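# A look at the structure
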Amino acid sequence: MRLLLVILLFLESQLCVQSSDSSSSAGDNLATNGLPFPWSKVRLPNYIVPVHYHLLIHPNLTTLRFNGSVKIEIDVKNNTNWVVLHSKNLKIFTATVLNEHEAHLSDKVLSVLEYPAHEQIAIFCPKILTSGEKYFLYLEFGAPLSDGFYGFYKSTYRTKAGEMRVLASTHFEPTSARMALPCFDEPIFKTNYTVRIRRSSSHIALSNMPLEQTLEIGNGVFEDQFEVSVKMSSYLLAFIVCDFTSVSGMTATGINISIYAVPEKWHQTHYALEAALRLLEFYEQYFNILYPLPKMDLIAIPDFQSGAMENWGLTTYRETSLLYDPDISSASDKLWVTLVIGHELAHQWFGNLVTMEWWNDIWLNEGFARYMEFVSLEAVYPQLKVEDHFLDTCFGAIGRDSLNSSRPISSLAENPTQIKEMFDTVSYDKGACILHMLRNFLTNEGFQSGIIRYLRRFRYSNARNEDLWDSLIKTCSEEDFTAGEHCYSSTQATKNAYRFAGEHIDLKEMMYTWTLQKGIPLVTVRRQGRKLYVGQERFLKIVLPNDPTWNSFQEGYLWHIPLTYKTSHSEHEMKHVLTTKSDVLTLDEEVDWVKLNTDMNGYYIVHYDEEGWNALTELLRVNHMALSFKDRASLIHNAFQLVTAGRLSLDKALDLIAYLRSETHNVPLLQGLGYLQSFYKLIEKRHIADVTHNLKTYILQYFGDVIDKQTWSDDGTVSDRRLREEVLSLACDFNYPPCMEKAKQLYDSWVESNGTISLPTDVSETVYMVGAQDDNGWAYLLEKYGVSMCETEKGKFLSALTSSKDSEKLLRLLQLGMGGTVIKTQNLPSLIYMVARNPVGHFLAWDFVKKHWNELVEKFPLGSFGIRNIIVGTVTQFSSTEELREVEDFFKSITEQVSQLRVIQVATENVEKNILWLARNLETMRSWLQQRLI
């Protein structure tokens, strides 16, 4: 048989026309049986394309295995004997090729070669598959249900009575459909799916499409047959077998929406139904394209690694991202649930209807979905004040993007690990922020009409980065163009020129500067009379301007920046596009101050000269309401970012926020307080007693009025409630006596009632944190954690438990997390981070990660959300050269494992940033505090 296969391989090399993608001979790669594998690339050949999948899947929730069969109609583009597709951890029982009449092309069992390195299999057909003919590939397969969070995996939950129940669910994005069925697992291979699922009578089955009919197979087994799906990529296929219950409603256009959850959590599904109905209706109107499926299911999965997944028609969620209990969930929890639902429903258009061609452009999915969260909530739920939250999104993106380890939005990604790492802050948050900048540049109407053109042009198909910019081009007459219409001239001379503030801008060229190069620009401003001298450079936080390598870091970086600015004498913002390293703008008159980047609508940092910063500091002191709350928050953010980069002295930034005594808006207030708290945590971990004490004293004195006026209730706007949550948490963390006394009083009352009374939801986590500081309180909270039926509540318990100052208790939590029974494995990354941020626990967490590294990688694949959060959460707590050296040494010891991971560089750069911050600013902080506390 082996000799026969070698001969067949030789014949194949004469007869098979392979894709030009293959640059190396078949003999370079050996299959598991030692024979040459006929394909050498990570990406599949393009000479066979799937047309339709007919899938039968049967999970056994007792044996925790599944079996299945798939018949794939294929379109052969070039003559070949080989079919190459994806398969990972599947046992292939049978493989055969059928002709258009579904007759076997060979009377012999076809051999299957496996190449695990690329997660591919190859089926050899002795008869040549001829271009233009219709064929079917039929495979039977099986595997255990996965233990992790990818592929077709098992999930469990415990009832109130303590009974353990099992379900099976899928999560395929980005490259895990191949773990559930042999398939062409790349986004470009869009096709239709017909799904059949077998189950017991005590379970239900769900898939992307509505149920068509159910047949009784016998022996208590039923087969659910679902309608044919729309054309979609393999990573969007989904199927679930569970015993959940649901609540349903209908949109104005007749779409049936259902929310599924564990039966005993049914009462937590109602808010999600309301939100999903309203948000889906909004998207249909905004995109002017009806949702193309008859139904939309949202289901809360008890074991889920990320926040949610946008499978078309069957979106899956972590329970904390979908379920809302008004007696337990806080205002922040409600905002989170609404944002996640808005994100996944936006994906039904951005990602599902139009899909990126390859994972290098995943931001076309994730950046849009992240941005549309905010656009939709602003329109549908204005009371949630989502615009406050959007500033934090962009500030977070800047934090990541101002490190040298950042990457372009559109980046090379080939293998599964690299692809998983693409699902990061750059794709999501930076993507959203540059879309926000673009929307403000084009106007709301121009942006909306452009993305509608994009969606219509590429629906049920795939798109690339440049396709979006092309779709935003709307031609118009030269007369309209000259008159200032928001469109492109139809004449050849100005075909690509967009009219912006009287200037002609090439939109595609402009947006390439934001998506094809990494980093964020720093715009420098110097005012001299009526002249504004502006310049741009790349903003980096840990490269010193006097470093000899500084120039090399700056070479080649140039953005086309849509500048906006206001002055003391202008009510309306002025606009200009900066396309060169430097430029000079002329103001209409002399002014007292100028503020660039109006409302932080642009994705860039602004650095003024000394006179400019002094003028803005004085403005905030005497009349902070002259600037919007977004401008005030962005000034605070920019100032402290520049401090970190060594471009602005710390005392200047601290003087800037002195006005916060008069601040009435929560966003700038929390921005300033957040920086002070982060400095405190950094200095506290270094055991610098005098500065730690003085900074805590200063914060409690300076923000005492804000702390004291907080009520221990759920009253007020969402913004007020989020401020209360943050401020009281900080005050109790600082052992502020009035805070501690009130929290202890509430905790004792709650314990006396055996947890039956409802605490104010916004302060419950703070109450639990205070209660967890003694042995009895900690033990009681751990007991309540084990029996709680609300994941949001369990999250608050866990946060409180990790605040203990007892290292043995923290270690016990880590061990429980590793065990995965009391604390589910899905919560282990956040648990490790919460222990690491505790001053008592940051070395403990790091030692735990080193000791259990191999086990952690088994639970959370390299590149995944989980492993990235574990690395960043532990490593970035460090701030000394000794700790940096230890971190570097550990990762060097596992270089072979982590060499591909970008997150290693991100984490070590954050440690370097901490070291530099202390070296630059500790003495300044010490002397500044001494002067203020005299």
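Residues numbered from 1 in each chain as written. Predicted model: local features only at pLDDT ≥ 70, side-chain atom pairs only at ≥ 80, totals over all residues. Heavy atoms only, no water.

Along the backbone of the chain there are 31 helices and 32 strands. Computed over C-alpha atoms, the radius of gyration of the chain comes to 29 Å, within 12% of the 30 Å expected from 2.2 N^0.38 for 934 residues, which places it in the range of a compact globule. Viewed in the frame of its principal axes, the chain has a C-alpha envelope of about 95 × 80 × 60 Å. For the chain, the proportion of contacts with a sequence separation of at least 24, taken over those separated by at least 6, is 70%. Of the roughly 35100 Å² of accessible surface on the chain, a fraction of 49% belongs to carbon and sulfur atoms. Across the chain, the mean location of the 88 positive side-chain charges is 2 Å away from that of the 112 negative side-chain charges. (Helix = DSSP H or I, 4+ residues; strand = E, 2+ residues; numbered from the N terminus. Rg over C-alpha atoms; globule rule 2.2 N^0.38 Å. Contact = heavy atoms within 4.5 Å. Areas by Shrake-Rupley, 256 points an atom, 1.4 Å probe, with all protein chains shown as cover. Lys, Arg positive; Asp, Glu negative; His and termini not counted. Charge placed at Lys NZ, Arg CZ, Asp CG, Glu CD.)

The next point concerns helix 21 (residues 764–771). A large share of helix 21 lies buried, amounting to seven of its eight residues. What helix 21 keeps buried is the set S764, T766, V767, Y768, M769, V770 and G771. Elements that come into contact with the buried residues of helix 21 comprise helix 19 (718–733), helix 20 (737–752), helix 22 (775–787) and helix 23 (791–801). (Buried < 20%, exposed > 50% of the residue type's maximum accessible area, 1.4 Å probe, protein only.)

The interhelical angle for the contact between helix 2 (residues 270–287) and helix 4 (residues 363–380), taken along N-to-C directions, is 105°, at an axis separation of 10 Å. Comparing the axis directions of helix 2 and helix 4 gives the class roughly perpendicular. On helix 4, the residues touching R278, L279, F282, Y283, Y286 and F287 of helix 2 are M372, E373, V375, S376, L377, A379 and V380. Tallied by class, the residues present in the contact of helix 2 with helix 4 amount to ten nonpolar, one polar and two charged. (Axes fitted to C-alpha atoms, helices over the stretch in contact; angles between N-to-C directions. Parallel < 35°, antiparallel > 145°, perpendicular 65-115°, else oblique. Nonpolar A, V, L, I, M, F, W, Y, C, P; charged D, E, K, R; others polar.)

So, about the sheet that holds strand 19 (residues 314–318). Reading across from one edge, 15-16-17-19-18 is the order of the five strands in this open sheet, with mixed pairing throughout. The sheet is open, and its two edges are formed by strand 15 (245–250) and strand 18 (308–309), each paired on a single side. Strand direction decides the pairing type here: strand 15 and strand 16 (residues 256–261), joined by six bridges, are antiparallel. Pairing of T245 across the sheet is with A261, part of strand 16. (Pairing = 2+ DSSP bridges.)

Scanning the model with the defined rule gives 45 salt bridges in all. Close ionic contact of R464 with E466 constitutes a salt bridge, the shortest N to O distance being 3.4 Å. Take R464: its relative accessible area is 36%, and that puts it in the partly exposed class. According to the relative accessible area criterion, E466 is partly exposed, its value standing at 23%. (Salt bridge = Lys/Arg side-chain N within 4 Å of Asp/Glu carboxyl O.)

Attention shifts here to the state of the cysteines. Per the counting criterion, the structure on display carries two disulfides. Residue pairing for C732: its cysteine sulfur links by disulfide to C739, the two sulfurs lying 2.0 Å apart. Handedness here is read from the sign of the S-S torsion; for C732 and C739, about -100°, the answer is left-handed. For C732, a relative accessible area of 3% translates into the label buried. (Disulfide = S-S within 2.5 Å.)

Relative to the assigned elements, N827 resides in the loop between helix 24 (807–819) and helix 25 (828–837). Those residues in contact with N827 that lie beyond four places of it in its chain are R318, Y785 and E791.

Taking every second residue as pointing to the same face, the buried face of strand 5 (residues 112–115) carries L113 and Y115, while none of V112 and E114 on the other face is buried. Relative to strand 6 (residues 120–129), strand 5 is paired through four bridges, and the arrangement is antiparallel. The residue of strand 6 that forms the bridge with V112 is I123. Where strand 5 folds back onto strand 6 in an antiparallel hairpin, the turn is made up of four residues, including E119, whose phi is positive at roughly 55°.

A few words on the packing of helix 13 (residues 610–623) against helix 14 (residues 629–644). In the contact formed by helix 13 and helix 14, the axes pass within 12 Å of each other and the chain directions differ by 135°. The pairing of helix 13 with helix 14 is recorded here as oblique in orientation. For the pair helix 13 and helix 14, the sense of crossing is left-handed. Facing W613, L616 and L620 of helix 13, the residues of helix 14 in contact are R632, L635, A639 and L642. Split by residue class, the contact of helix 13 with helix 14 holds six nonpolar, no polar and one charged. (Left-handed = near helix turned anticlockwise from the far one by under 90°.)

Before going further, it helps to examine the packing of aromatic side chains. The geometry of two aromatic rings is summed up by the distance between their centres and the angle between their planes. On inspection of all chains with the given rule, the structure shows 57 aromatic pairs. For the ring pair W359 and F423, a centre distance of 6.0 Å and an interplane angle of 50° mean the geometry is tilted. Highlighted residues: W359 in the loop between strand 20 (354–356) and helix 4 and F423 in the loop between helix 6 (416–421) and helix 7 (425–442), separated in sequence by 64 residues. Of the two residues, W359 and F423, both sit in the buried class. Positioned above the aromatic ring of W358, the side-chain terminus of R43 is 3.9 Å from the ring centre. Stacked on the ring of F136, the Lys or Arg K71 has its end atom at 5.3 Å from the ring centre. (Phe/Tyr/Trp six-rings, centres within 6.5 Å; stacked < 30°, edge-to-face > 60°. Lys NZ or Arg CZ within 6 Å of the ring centre and 35° of its normal.)

Before going further, it helps to examine the sheet that holds strand 32 (residues 605–608). If you walk across this open sheet you meet the four strands as 30-27-26-32, and the pairing is mixed. Only two strands of the sheet have a single partner each, and these edge strands are strand 30 (582–586) and strand 32. When strand polarity is set aside, the average angle formed by the axes of neighbouring strands in this sheet is 25°. Both strand 26 (residues 521–528) and strand 27 (residues 531–538) contribute to a ladder of eight bridges, which runs antiparallel. Bridge pairing in strand 27 links P521 to R538.

Attention now moves to helix 22. Helix length check: helix 22, at 13 residues, gives a terminal C-alpha distance of 19 Å against a target of 18 Å (1.5 Å per residue), a fit within 8%. All buried positions along helix 22 are accounted for by G777, W778, Y780, L781, L782, K784 and Y785. Packing partners of the buried residues in helix 22 comprise helix 20, helix 21, helix 23 and helix 24. (Expected span 1.5 Å × (residues − 1).)

Bringing the environment of L64 into the picture now. Tracing the backbone shows L64 in the loop between strand 1 (48–60) and strand 2 (65–76). Since its relative accessible area comes to 27%, L64 is described here as partly exposed. Each C-alpha atom of the pair L64 and W363 lies 36 Å from the other, and the pair is 299 residues apart in sequence.

Another aspect to go through is the confidence of the model for the chain. Looking at the chain as a whole, its pLDDT mean stands at 92, while 93% of the residues score no less than 70. Below a pLDDT of 50 lies the segment residues 481–486, which in the model reaches 18 contacts outside its immediate sequence neighbourhood of four places, other chains included. Contacts of residues 489–496 to residues separated by more than four positions or lying in other chains number 20 contacts, the stretch itself having pLDDT below 50. (pLDDT = per-residue confidence, 0-100.)

Let us look at the side chain of H343. With respect to the helices and strands, H343 occurs in helix 3 (residues 331–347). Among the residues examined, H343 registers a relative accessible area of 5% and is labelled buried. In terms of polar contacts, H343 uses its side chain to reach the backbone amide nitrogen of R370, at 3.5 Å. Filtering out sequence-adjacent residues up to four positions away, H343 remains in contact with E366, A369, R370, E373 and Y428. (Polar contact = N/O pair within 3.5 Å; in protein donor to acceptor, adjacent residues only side chain to side chain.)

A few words on the environment of G612. Structurally, G612 can be placed in helix 13. Residue G612 is classed as buried on the basis of its relative accessible area of 15%. For the pair formed by G612 and W593, sequence separation is 19 residues and the distance between their alpha carbons is 6.7 Å.

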